[in-house]
Amino acid sequence: MSLSMYKVSAPVFVRGLKVMAELLRKAEASGKAPEALLAARLADDMLPLTAQVQRASDTSKLSIERLTGVAAPKFPDNEASFEQLQQRIANTIAYIEGVGEEHFADSETREVALSFGSFKPTFTGESYLLTFALPNFYFHVVTLHDILRNQGVKIGKIDYLGPYEG
C-alpha cells in the first residue's frame, strides 16, 4: 500500500501536537516560573514560546484546510497560560481528527497558493505538504523544545521524538 496524503499529514500533525502537549506538561511541572517560560525566546528576533505553539497549531490546521477544503477553526492567538495552550492544542487535534481521510482525495494535485507579504508561492498539494507545511510545522515544534531546554527544563531528544507508536 502506498503512502497517502492523509497518512503523511493528519497523523503526523497530531503526533507532533501531542509531543508539544507533553513538552508543555513537563515545562509546567518543572517548577520554573510560568510567566518566564511562556515569554521565553531563543533570540530577540524570534517569537516567544506561546507563539511557537500558536504557529504549530495554525500550520497544522491550515495545512489540512488547504489540502481538503474543510474549513479550519480560527483561534485568536491570546493564550497566556499553559492551560490555554493545552486547550488550543486539544482543539487543533480535534479539528484534524475530525477531517476524514476521504476529504484528502486528489489533494496531492490540488493547487495551494500562499500570500504572506511579498512571499506568494503556488504549490501542488504534495509539494506544499512536503516542502513547506511539514518543515514549517516541525520548525515550531523543535523551537518550543529548544526554548524549554534553553530555560533549563529537563527534557532531551527523546522528549522531542515522542513515544514510538509503530
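One structure accompanies this document, and this report is about it. Note that the structure is predicted; figures quoted are calculated from it, not measured. (Residues numbered from 1 in each chain as written. Predicted model: local features only at pLDDT ≥ 70, side-chain atom pairs only at ≥ 80, totals over all residues. Heavy atoms only, no water.)

**As for the overall build of the protein chain**
A tally of regular secondary structure across the protein chain gives six helices and two strands. Reading the secondary structure of the protein chain in the N-to-C direction produces α-α-α-α-β-β-α-α. For 166 residues, the compact-globule formula gives about 15 Å, and the C-alpha radius of gyration of the protein chain, at 16 Å, lands near that figure. Taken along the three principal axes of its C-alpha coordinates, the protein chain extends 50 × 40 × 25 Å. Taking all 166 residues of the protein chain together, the buried fraction comes to 43%. Within the protein chain, residue pairs in contact and separated by at least 24 positions form 70% of the contacts whose partners lie at least 6 positions apart. Total accessible area on the protein chain stands at roughly 8800 Å², and carbon and sulfur atoms take up 54% of it. (Helix = DSSP H or I, 4+ residues; strand = E, 2+ residues; numbered from the N terminus. Rg over C-alpha atoms; globule rule 2.2 N^0.38 Å. Buried < 20%, exposed > 50% of the residue type's maximum accessible area, 1.4 Å probe, protein only. Contact = heavy atoms within 4.5 Å. Areas by Shrake-Rupley, 256 points an atom, 1.4 Å probe, with all protein chains shown as cover.)

**Quick word on the packing of helix H3 (residues 49–68) against helix H5 (residues 125–150)**
Two elements in contact, H3 and H5, have axes separated by 9 Å at closest approach and are oriented at 160°. Of the possible angle classes, the one that applies to H3 and H5 is roughly antiparallel. At the point where H3 passes H5, the crossing takes the left-handed sense. Counted together, Leu49, Gln52, Val53, Arg55, Ala56, Thr59, Ser60, Leu62, Ser63, Arg66 and Leu67 of H3 and Gly125, Tyr128, Leu129, Ala133, Asn136, Phe137, Phe139, His140, Thr143, Leu144, Ile147 and Leu148 of H5 form the full contact between these two elements. When grouped by side-chain class, the residues that make up the contact of H3 with H5 number 13 nonpolar, eight polar and two charged. (Axes fitted to C-alpha atoms, helices over the stretch in contact; angles between N-to-C directions. Parallel < 35°, antiparallel > 145°, perpendicular 65-115°, else oblique. Left-handed = near helix turned anticlockwise from the far one by under 90°. Nonpolar A, V, L, I, M, F, W, Y, C, P; charged D, E, K, R; others polar.)

**Focus on the side chain of Gln86**
Note that Gln86 resides in helix H4 (residues 82–98). What makes Gln86 buried here is its relative accessible area of 17%. Those residues in contact with Gln86 that lie beyond four places of it in its chain are Ala21, Leu24 and Arg25.

**Looking at the environment of Pro73**
Turning to its location among the elements, Pro73 is positioned in the loop between H3 and H4. Looking at Pro73, the relative accessible area reads 27%, which means it is partly exposed. Remark: the alpha-carbon pair of Pro73 and Asp45, spanning 28 residues in sequence, is separated by 28 Å. Excluding residues that lie within four positions of it along the chain, Pro73 makes contacts with Lys61 and Tyr95.

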